[in-house]
Amino acid sequence: MAESTRKKVYIAGKITGFKHYRHKFKAAQSALEMQGHLVMNPAVLRPGFDYEDYMRICFAMIEVCDAVYMLDNWRDSPGAMREHAYASRLGKVIEHEEVSR
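Right, let's walk through the structure included here. (Residues numbered from 1 in each chain as written. Predicted model: local features only at pLDDT ≥ 70, side-chain atom pairs only at ≥ 80, totals over all residues. Heavy atoms only, no water.)

**Topic: the overall build of the protein**
So, step 1. Regarding its fold elements, the protein presents three helices and four strands.
So, step 2. Mapped from its N terminus to its C terminus, the protein presents α and β elements in the order β-α-β-α-β-α-β.
So, step 3. Taking 13 Å as the expected radius of gyration for a compact globule of 101 residues, we find that the protein reaches 13 Å, a close match to that expectation.
So, step 4. Expressed along its principal axes, the backbone C-alpha trace of the protein runs to roughly 40 × 30 × 25 Å.
So, step 5. For the protein, the residues scored as buried account for 39% of the 101 residues in total. (Helix = DSSP H or I, 4+ residues; strand = E, 2+ residues; numbered from the N terminus. Rg over C-alpha atoms; globule rule 2.2 N^0.38 Å. Buried < 20%, exposed > 50% of the residue type's maximum accessible area, 1.4 Å probe, protein only.)

**Thoughts on helix H1 (residues 21-34)**
So, step 1. The first and last C-alpha atoms of H1 sit 20 Å apart over 14 residues, in line with the 20 Å expected at 1.5 Å per residue.
So, step 2. Within the span of H1, buried status applies to Tyr21, Lys24, Phe25, Ala28, Gln29 and Leu32. For H1, the angular spread of buried residues about the axis comes to 135°, placing them on one side. Projecting away from the buried face of H1 at angles above 90 degrees are the exposed residues His23 and Met34.
So, step 3. On its buried side, H1 packs onto strand E1 (8-12), strand E2 (38-40) and strand E3 (67-70).
So, step 4. Following H1 by one or two positions, glycine 36 has its phi on the positive side, about 95°. (Expected span 1.5 Å × (residues − 1). Arc of directions from axis to C-beta. Contact = heavy atoms within 4.5 Å.)

**As for the environment of isoleucine 11**
So, step 1. With respect to the helices and strands, isoleucine 11 occurs in strand E1.
So, step 2. Along the primary structure isoleucine 11 and alanine 43 are separated by 32 residues, whereas in three dimensions their C-alpha atoms are 8.7 Å apart.
So, step 3. Once residues within four sequence positions are removed from consideration, isoleucine 11 is found in contact with Phe25, Ala28, Gln29, Leu32, Val39, Met40, Asn41, Pro42, Tyr69 and Leu71.

**So, the nonpolar core**
Grouped burial of nonpolar side chains is what soluble globular proteins tend to show.
So, step 1. By size, the foremost hydrophobic cluster in this structure holds 14 residues, and its most contacted members are Tyr10, Ala12, Phe59, Ile62, Val68 and Met70.
So, step 2. Looking at this core element by element, the count peaks at five residues for helix H2 (residues 51-64).
So, step 3. Ignoring any residue separated from it by four or fewer positions in sequence, one finds isoleucine 62 in contact with Tyr10, Val68, Glu83, Tyr86, Ala87, Leu90 and Lys92.
So, step 4. Counting eleven residues, the second-largest nonpolar core is a separate cluster that includes Val9, Ile11, Val39 and Leu71. (Core = buried A, V, L, I, M, F, W, Y, C linked by side-chain atoms within 4.5 Å.)

**Quick word on the pattern of salt bridges**
So, step 1. The full count for this structure, using the stated rule, is five salt bridges.
So, step 2. Where lysine 24 meets aspartate 72, a salt bridge forms, and the shortest distance between an N and an O atom there is 2.9 Å. One end of the pair, lysine 24, is in helix H1; the other, aspartate 72, is in the loop between E3 and helix H3 (78-90), and 48 residues separate them in sequence.
So, step 3. Residue glutamate 97 is joined to lysine 24 by a salt bridge in which the shortest nitrogen-to-oxygen separation is 3.4 Å. Of this pair, glutamate 97 sits in the segment after strand E4 (93-96) while lysine 24 sits in helix H1, and the two are 73 residues apart along the sequence.
So, step 4. Here the salt bridges do not stand alone but share partners, grouping Lys24, Asp72 and Glu97 into one network. (Salt bridge = Lys/Arg side-chain N within 4 Å of Asp/Glu carboxyl O.)

What follows is the structure, encoded as structure tokens:
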């Protein structure tokens, strides 16, 4: 992949209350990296911080990225919905996971 098409991509999706979130985020990260992108994966953050602390960290991650990749379950997550709105306000490219049905 040419350097000019490489993007910094943040992954957004449901974490709280989703038992297999680490696996889902890791699979998305792997797929994006296979395309040559640099990926910011919030699912690797350590537990123990307050919810709003995580949101501030995630907003900072979004700020340095070119695009946000929305997992298919993002609408089930108040945090991911906030991330989507924030990325939209910043004018970030927003891409959505395609799920075959």
